[in-house]
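Here's the letter readout for the chains.
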Amino acid sequence: MPRRHCIPPASRLTMFDMPPQLELEINGRRYDIRFDPETPLLQVLRDELGLTGTKYGCGEGQCGACTVLIGGSPRRSCQIPARAAAAKPVVTVEGLERDGQLHPVQQAFIDAGAFQCAYCTPGMIMSSVALLEHNPRANTTEIVQSLNGNICRCGAHPQILAAVQAAAQKIVRGHRS
Ligand code: FES
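Residues numbered from 1 in each chain as written. Predicted model: local features only at pLDDT ≥ 70, side-chain atom pairs only at ≥ 80, totals over all residues.

Draft legend 1. Representation of the overall build of the protein chain in the model. If you tally the helices and strands in the protein chain, you get 5 helices and 5 strands. Secondary structure elements of the protein chain occur, N-terminal to C-terminal, as β-β-α-β-β-β-α-α-α-α. For the protein chain, contacts bridging at least 24 residues in sequence account for 60% of all contacts bridging at least 6. (Helix = DSSP H or I, 4+ residues; strand = E, 2+ residues; numbered from the N terminus. Contact = placed C-beta atoms within 7 Å.)

If you want it as structure tokens, here you go:
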């Protein structure tokens, strides 16, 4: 993980050292946090807010394990400073379920067995959700292209593709958009 932004212990802080307050909206809930605004959003999500569904993979924007939605667009949270997420709603994999029901993409991943170790799964799901929210009739090429930046080292790509196609059909049939 990129170097952690260290904050001096509270006893050594002066009012000039205090990190500014950041307001984040995550999964429909507002959080006021004091954090170095340059801290990667991934670190805030996992270490401060306990939202560990978002995974740390490469820390370099290459693997997609840390993908979240910011303002509806898929973003690598390891590369986004917390301050950049302050103005827009953030959705993590924990925020997809509604009223006890998994999002169709989540359910389709389970139904298709679209994982082996599952480390990449949250990022795959978030990228797929972003795609289908903008283009529920995405064809195979578009699905493959949109998941191009999400790496699965187990080789579950055929099942992942099948899951996204199944979720797309379900969404088009009107189960949920
Ligand atoms: Fe962010 Fe790999 S951990 S892209």
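Picking up where we left off.
Draft legend 2. Examining helix H2 (residues 104-112) more closely. All of the buried residues in H2 are Pro 104, Val 105, Gln 106, Ala 108 and Phe 109. On its buried side, H2 packs onto helix H3 (121-134) and helix H5 (157-172). Looking one or two places after H2, you find Gly 113, whose phi comes out positive at around 55 degrees. (Buried ≥ 20, exposed ≤ 12 C-beta atoms within 10 Å, placed from the backbone.)

Draft legend 3. Highlighting the sheet that holds strand S3 (residues 67-70). Read from one edge of the open sheet, 5 strands run S2-S1-S5-S3-S4, paired in mixed fashion. If you trace the sheet from one side to the other, it starts and ends with strand S2 (29-34) and strand S4 (73-76), each paired once. This sheet shows a mean twist of 40 degrees between the axes of neighbouring strands, independent of strand direction. Where strand S1 (residues 21-26) and S2 come together, 6 bridges link them in antiparallel fashion. Its bridge partner lying in S2, Ile 26 is registered against Arg 29. The strands touched by H3 are S3 and S4; relative to S3, the strand with the most contacts, the crossing angle is about 35 degrees. (Pairing = 2+ DSSP bridges. Axes fitted to C-alpha atoms, helices over the stretch in contact; angles between N-to-C directions.)

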